[in-house]
Amino acid sequence: MKKLLLLSVFLIFACKQSEKTSTEELAFNPNIELISAQASCGICMLNMVGDKCELAVVIKGNKYYVSGANIDSFGDAHSKNGFCNAIREADIQGRIINDKFNLTYFKFKK
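Only a predicted model underlies this, so the values are computations on that prediction, with no experimental measurement involved.

For this particular structure, what's the right way to read the side chain of Q93?
Checked against the element boundaries, Q93 lands in strand β4 (residues 88-97). With a relative accessible area of 0%, Q93 lands in the buried category. Of note is the side chain of Q93, whose polar atom sits 2.7 Å from the backbone oxygen of N29. Setting aside residues no more than four positions away along its own chain, Q93 makes contact with A27, F28, N29, I32, E33, L34, F101, N102, L103, T104 and Y105.

Next comes the structure, spelled out in structure tokens:
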């Protein structure tokens with residue numbers, strides 16, 4: 001019984017160590033263009049069509065939902081400055097694939 005308990009604890013720990021948040025996987029790449037964009041909730045702030053709150057960006061007037069990060073990846077979306085209550089300026093990297101912006105880097109502007 002002790003071995004089973006120890007094995008269970010070990011497996012839980014191993015699984016937690018292998019999980020990464022999406023923001024840990026986002027990294028600046030000097031070989032990719034840095035894009036100035038607005039970031040916010042597509043439904044709450046950008047008047048996009050959707051079923052739930054999702055992170056979206058506006059690039060040169062075009063709106064795209066984001067893959068590679070979620071609405072809460074950069075803080076609580078429903079806080080005072082969260083994406084459901086504010087449009088934030090950011091520098092991003094990535095590319096558009098099937099009308100979604102595949103995010104590879106994200107940093108708020110000061």
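Even after reading the chapter, I still don't get the sheet that holds strand β5 (residues 100-108), so can you show me in this structure?
Adjacent strands of a sheet pair through backbone hydrogen bonds, lying either parallel or antiparallel. Taken in spatial order, the 5 strands line up as β1-β2-β3-β5-β4 and close into a barrel, and their pairing is mixed. On average, each strand axis in the sheet is inclined to that of its neighbour by 55 degrees, with strand direction left out of account. Strand direction decides the pairing type here: strand β1 (residues 35-41) and strand β2 (residues 55-59), joined by 4 bridges, are antiparallel. Looking at the pairing, Q38 lines up with V58 of β2.

Looking at this structure, I do not really get the environment of D91. What am I missing?
Position of D91 among the secondary structure elements: in strand β4. For D91, a relative accessible area of 22% translates into the label partly exposed. Expressed as a C-alpha distance, the spacing of D91 and K109, which sit 18 residues apart in the sequence, is 6.6 Å. Apart from the residues within four sequence positions on either side, D91 is in contact with L34, I35, S36, Y105, F106, K107 and K109.

How do you make sense of the confidence of the model for the chain when you look at a structure like this?
When pLDDT is averaged across the chain, the result is 86; 79% of the residues are at 70 or more. Ignoring residues within four places in sequence, the model shows residues 13-22, a span with pLDDT below 50, making 5 contacts including any to other chains.

So, how was this worked out
Throughout this description, residue numbers start from 1 for each chain and increase along the sequence as written. Totals for whole chains, interfaces and linings use every residue, but because this is a predicted model, local features are given only for residues with pLDDT of at least 70 and side-chain atom pairs only at 80 or more, for both listing and counting. With hydrogens and water set aside, each side-chain value is computed from the structure's full complement of heavy atoms. The helix count covers DSSP runs of H or I at least four residues long, the strand count covers runs of E at least two residues long, and both are numbered beginning at the N terminus. Buried means the residue's accessible area, taken with a 1.4 Å probe over protein chains only, is under 20% of the maximum for its type, while exposed means over 50%, and partly exposed covers the values in between. Think of a polar contact as two N or O atoms within 3.5 Å of one another; within protein, one of them needs to be a possible hydrogen donor and the other a possible acceptor, and neighboring residues in sequence only count if both atoms come from side chains. The contact rule is simple, with two residues in contact once any of their heavy atoms fall within 4.5 Å. In short, DSSP must find at least two bridges between two strands for them to pair. For every element, the axis is a line fit to its C-alpha atoms; helices are fit only across the contacting stretch, and the angle between N-to-C directions ranges from 0 to 180 degrees. The score called pLDDT rates the predictor's confidence residue by residue, from a low of 0 to a high of 100.

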